[in-house]
Amino acid sequence: MIQVYDADKRRIAVIDAGDDIQITTTLSTGDKQLSFKYPKNGVSAEALACENYIRTATDEFVIKEIQTGEDKNEYHAALNVEELEGQEFPYGFASQTQTVRACLEFAFEGTGWTVGTCEITKRRTIDIEESCSAWDVLQDVLKTYLCECTIDSIQKIVNIYETIGQDRGAYIMERLNLRKLTYKADTYDFYTRIYPIGKDGITPEILLGVPYIDNHQYSDKVISRYWKDERYTVTTSLIEDATAQLAEASRPYVAYQADVVDLAAQTDEYDVLAFGIGDTVTLVSKTENVKEKQRIVKLTEYPKQPEKNTCELSSTSKTFAQVQEATKEKAVSDAVEKSTSQTKKILNEDYWTYDETQTAITSSATEILTTASRTYQTKTDAATEKGNLETQIQQTAESITSTAAATYETKTDATTKK
């Protein structure tokens, strides 16, 4: 059963979406889509209007498309991230050498969305020149920081991980749970040597002795590419990301489209075969002469008909090609003078997250109390001075707490004109 809400978030119906309900999850974006069919003359047919909301046990969607049929209409809904899509930065967005949490908190401000779990601590720069939304910033973060996310559309929380999913020992095999396998491989974006260049011409040479990085995991060929991204001001960060990106580019891009029978969803007897988005599974196919580990990068599930489930598997992605293309577009954009660019939304390096602010307040107050306590102990007339010192300590601590909180709330130094 799924619940239907009108545009004002009032529940107006509870319906049975039927056996055709399907949910597709995409690893690279964290996004989901929902589709189902409902009788054309059903009791709640009028409730299923475009821009109304659909809520399942785990997610909330917005109806975006209706296709009529003879007996049933087909409905397509997108994951509800309206507040993130509606948070517009008309002249661009920049986050200078910040953590993922700080960048996203800044982008999400005022949307009602928060950052939950965040495993990534490294600092990178986001610089989007054109008009964008908070949702666009999130997608750029996933590519730039080389991380993945899960989205809780009901609680409005984004969780950031280095990778999601796990290796549970599950496998997909012909004559067991694999019905059909389609294989695709290409080396259009293949190379084995990268020359990374950051801001002011920094390269790996100062640390590695050479201006390039090699990876010959697949081939001894020397195929070179230059990658210039002036967002990088730290050589170690440039080397780290160039190495990660070359690890993908130095082997063929391989993807499998698999039609699988989700036996684990049908009976506990096959629980060992359970898998989800991001999981690593062992793929075995005599027909395609394949036995290797792959990740589930796209999963289409039929909750009421798990035998119809399909998934896309891959051990590599084209992330670096996408980043390079974005860099080229940025270079073209930079060449065009923008008269309104001074109003870009910019997060500077001195921005503090809420947790950092609270830690600073506690640390400062503790330091003052400790110093004052030592001073108090050295007083010759402790009884006379005790009351005055306690009053002074309290007033000073309250002053620091008030000032730090006000700095966090207003973020007067966070947004500047470029």
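Asker: I tried to follow unusual backbone geometry on my own but got confused; where do I start?
Answerer: In terms of backbone geometry, most residues other than glycine have negative phi values and most peptide bonds are trans. Phi at Arg 175 takes a positive value of approximately 70°, unusual for a residue other than glycine. Within the secondary structure, Arg 175 is located in the loop between strand 15 (171-173) and strand 16 (178-186). For Asn 289, which is not glycine, the phi dihedral falls at a positive 55°. Among the secondary structure elements, Asn 289 is positioned in the loop between strand 21 (280-285) and strand 22 (290-301).

Asker: Would you take a moment to explain the layout of surface pockets for this structure?
Answerer: Considering only enclosed or pocket space, the second largest pocket measures out at about 530 Å³ in volume. Thr 25, Lys 32, Thr 58, Asp 59 and Glu 301 are, among the 27 residues lining the second largest pocket, the residues nearest its centre. Mapped by element, the contributors of at least two residues to the lining of the second largest pocket are strand 3 (22-26), strand 13 (148-152) and strand 22. Taken together, the residues of the lining of the second largest pocket sort by class into 13 nonpolar, nine polar and five charged.

Asker: What exactly am I supposed to notice about a negative patch on the surface here?
Answerer: Together, Glu 85, Glu 88, Glu 130 and Asp 136 line one region of the surface with negative charge. Inspection of the secondary structure assignment puts Glu 85 in helix 1 (residues 82-86). A relative accessible area of 41% places Glu 85 in the partly exposed class.

Asker: Help me understand the sheet that holds strand 13 in this model?
Answerer: Within a beta sheet, neighbouring strands are joined by backbone hydrogen bonds and run either parallel or antiparallel to one another. In spatial order, the strands read 10-14-13; together these three strands make up an open sheet with mixed pairing. The strands lining the two open edges of the sheet, one partner per strand, are strand 10 (114-118) and strand 13. Put simply, the sheet's adjacent strands are angled 25° from each other on average, direction ignored. In the sheet, strand 10 pairs with strand 14 (residues 157-161) via three bridges, with the strands oriented parallel. Of the residues in strand 14, the one forming a bridge with Val 115 is Val 158.

Asker: What should I look at first to understand the side chain of Thr 26 in this one?
Answerer: Within the secondary structure, Thr 26 is located in strand 3. Once you skip the residues sitting within four places of it in the chain, Thr 26 turns out to touch Asp 31, Ile 277, Val 297 and Lys 298.

Rules used throughout
- Residues numbered from 1 in each chain as written.
- Predicted model: local features only at pLDDT ≥ 70, side-chain atom pairs only at ≥ 80, totals over all residues.
- Heavy atoms only, no water.
- Helix = DSSP H or I, 4+ residues; strand = E, 2+ residues; numbered from the N terminus.
- 1 Å grid on protein atoms, 1.4 Å probe; cavity = no way out; pocket = protein on both sides within 12 Å on 5 of 7 lines; lining within 4 Å.
- Points joined across faces, edges and corners; volume = space filled by probe spheres on them.
- Nonpolar A, V, L, I, M, F, W, Y, C, P; charged D, E, K, R; others polar.
- Patch = residues over 30% accessible without salt bridge, like charges linked within 9 Å, V, L, I, M, F, W, Y side chains within 5 Å.
- Areas by Shrake-Rupley, 256 points an atom, 1.4 Å probe, with all protein chains shown as cover.
- Salt bridge = Lys/Arg side-chain N within 4 Å of Asp/Glu carboxyl O.
- Lys, Arg positive; Asp, Glu negative; His and termini not counted.
- Charge placed at Lys NZ, Arg CZ, Asp CG, Glu CD.
- Buried < 20%, exposed > 50% of the residue type's maximum accessible area, 1.4 Å probe, protein only.
- Pairing = 2+ DSSP bridges.
- Axes fitted to C-alpha atoms, helices over the stretch in contact; angles between N-to-C directions.
- Contact = heavy atoms within 4.5 Å.

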